[in-house]
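Per-entry structural report
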Amino acid sequence: MKKLKFLPFILILILTSCGEDTKKEEETKIEDPAESEKEAEATKNSKTILFFGDSLTAAMGLDPAEGYPAEIQEKIDSLGLNYEVVNAGLSGETTAAGKNRLDWVLNQEVDIFVLALGANDGLRGIPVEETRRNLQAIIDNVREKNPQVEIILAGMQIPPNMGPEYTAEFRELFPEIADKNNIHLIPFLLEGVAGVPGLNQQDGIHPTAEGYDIVAENVWEVMEPVIREK
């Protein structure tokens, strides 16, 4: 009988609680039209930074959140800048493959385009002139579809075992292209990381999370003024 005396009270509590939960859910679903409009306007006015690269951009061997494009997004967010980073890195990508993939990537409007291809060309010994033609074709295509775009080219270098002549010609390719097209240049994407065992994964090519911290700084040093000018 004692249990029965408490049952109605318990039911009241349960029903009241359920009613409160339902009410809270309904209140949660009600959105402030002004706030929604602000969010829509912010999304509409946000600018896009597209990183177009290979496994170095895709952060091969790590969580993509540890790669340099993600770190750039963190820097942008911390400064309250209205930019969205898109990581279009694809492991194994050469400049030729990138040129063929570009149209699909450019389905969206791009404000800043970071071209970070060429490393795989160098490692495979692809003739420098072929790499030059492909990079130029990518730049031309990007500008055609986004006339106001700012392009940042990431300089690449390769190990000396490819021969001194080829290595030097490959290294000079990137500043030459940047100068010819009047675009921004990151002198060497892996500056301070390449050849440092503790900053690279076991393959000796792809950075560790700590290595990517440095890569992100290399990129940010060139990108920050471009973003602020935009």
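This text follows the structure it describes.
Report follows, based on the coordinates. (Residues numbered from 1 in each chain as written. Predicted model: local features only at pLDDT ≥ 70, side-chain atom pairs only at ≥ 80, totals over all residues. Heavy atoms only, no water.)

Side note on the overall build of the protein
Operational definition: Helix and strand definitions here come from DSSP, where helices need a minimum of 4 consecutive H or I residues and strands a minimum of 2 consecutive E residues; each element is numbered from the N-terminal end. Burial classes follow relative accessibility: with a 1.4 Å probe on protein chains only, a residue under 20% of its type's maximum area counts as buried, one over 50% as exposed, and anything between as partly exposed. The contact rule is simple, with two residues in contact once any of their heavy atoms fall within 4.5 Å. For accessible areas, the Shrake-Rupley method is used with a probe of radius 1.4 Å. Any residue's cover is judged against the shown protein chains and nothing else.
Assigned secondary structure in the protein consists of nine helices and five strands. Beginning at the N terminus, the succession of helices and strands in the protein can be written as α-α-β-α-α-β-α-β-α-α-β-α-β-α. Looking at the protein as a whole, 41% of its 230 residues are labelled buried. Of all intrachain contacts in the protein linking residues separated by at least 6 positions in sequence, the fraction that spans at least 24 positions is 77%. Of the roughly 13100 Å² of accessible surface on the protein, a fraction of 54% belongs to carbon and sulfur atoms.

Focus: a negative patch on the surface
Condition: Patch membership requires over 30% relative accessible area and the absence of a salt bridge. Like charges are linked within 9 Å, and nonpolar side chains (Val, Leu, Ile, Met, Phe, Trp, Tyr) within 5 Å. A carboxyl oxygen of Asp or Glu within 4 Å of a side-chain nitrogen of Lys or Arg is what we treat as a salt bridge. We score Asp and Glu as negative and Lys and Arg as positive, and we do not count His or the chain ends. Charge positions come from single atoms, namely NZ of Lys, CZ of Arg, CG of Asp or CD of Glu.
Taken together, the side chains of D63, E66, E210 and D213 present a region of like negative charge at the surface. The partly exposed category is assigned to D213, whose relative accessible area is 38%.

Brief notes about helix α5 (residues 95-105)
What counts here: Think of the arc as the fan of directions from the helix axis to the C-beta atoms.
What α5 keeps buried is the set T95, G98, R101, L102 and V105. Looking down the long axis of α5, one finds its buried residues gathered within 140° of arc, a one-sided arrangement. Exposed and oriented more than 90 degrees from the buried face of α5 are N100 and W104. Its buried side turned inward, α5 meets β1 (47-53), β3 (112-116), α6 (119-123) and α7 (128-145).

Observations regarding the pairing of β1
To be explicit about the condition: At least two bridges found by DSSP between two strands is the condition for calling them paired.
Within β1, six of the seven residues are buried, which leaves the element mostly enclosed by the surrounding structure. In this sheet, β3 lies alongside β1 in parallel orientation, the contact comprising five bridges. Across the sheet, L50 pairs through a bridge with F113, a residue of β3.

Some remarks on the packing of aromatic side chains
Condition: Any Phe, Tyr or Trp ring, taking Trp's six-membered ring, that has another such ring centre within 6.5 Å forms a pair; planes under 30 degrees apart are called stacked, those over 60 apart edge-to-face, and the others tilted.
Inspection of the entire model under this criterion finds five aromatic pairs. Ring centres of F51 and Y68 lie 5.4 Å apart, and the angle between their planes is 85°; on these two criteria the pair is classed as edge-to-face. Of this pair, F51 sits in strand β1 while Y68 sits in helix α4 (residues 68-78), and the two are 17 residues apart along the sequence. Residue class for Y68 comes out buried when judged on its relative accessible area of 1%. Connected via pairs of aromatic rings, a cluster forms that spans F51, Y68 and Y212.

Things to note about the packing of α4 against helix α9 (residues 209-229)
To keep it simple, the criterion reads: To obtain each axis, a line is fitted to C-alpha atoms, and for helices this fit is confined to the stretch in contact; angles are then taken between N-to-C directions over 0 to 180 degrees. Any angle that is under 35 degrees is reported as roughly parallel, and any over 145 degrees as roughly antiparallel; angles of 65 to 115 degrees are reported as roughly perpendicular and all others as oblique. A crossing counts as left-handed when the near helix is turned anticlockwise from the far one by less than a right angle, and as right-handed when that turn is clockwise. Under the convention adopted here, Pro, Cys and the residues Ala, Val, Leu, Ile, Met, Phe, Trp and Tyr are nonpolar, Asp, Glu, Lys and Arg are charged, and Gly plus all remaining residues are polar.
Where α4 meets α9, the closest approach of the two axes is 8 Å, and the angle between their N-to-C directions is 50°. It follows from the interaxial angle that α4 and α9 lie oblique. Classified by chirality, the crossing of α9 by α4 is right-handed. Taken together, the residues of α9 that come into contact with α4 (itself represented by Y68, E71, I72, K75 and I76) are A209, Y212, D213, V215, A216, E217, V219, W220, M223 and I227. Here the contact of α4 with α9 is built from residues that sort into eleven nonpolar, no polar and four charged.

Quick word on the layout of surface pockets
The condition is simple: Lining residues are defined by having an atom within 4 Å of a point belonging to a cavity or pocket. Those points lie on a 1 Å grid over the protein atoms alone, cavities being sets where a 1.4 Å probe fits but cannot get out and pockets being open sets with protein on both sides within 12 Å along at least five of seven lines. Grid points are joined across faces, edges and corners, and a volume is the space filled by probe spheres set on the points.
Considered as a void within the structure, the largest pocket measures approximately 410 Å³ in volume. Taken together, 22 residues make up the lining of the largest pocket; nearest its centre are L123, Q157, P159, L190 and I205. Of all elements in the fold, only α3 (55-58), α6 and α8 (164-181) reach the threshold of two or more residues within the lining of the largest pocket. Per-class residue counts for the lining of the largest pocket are eleven nonpolar, nine polar and two charged.

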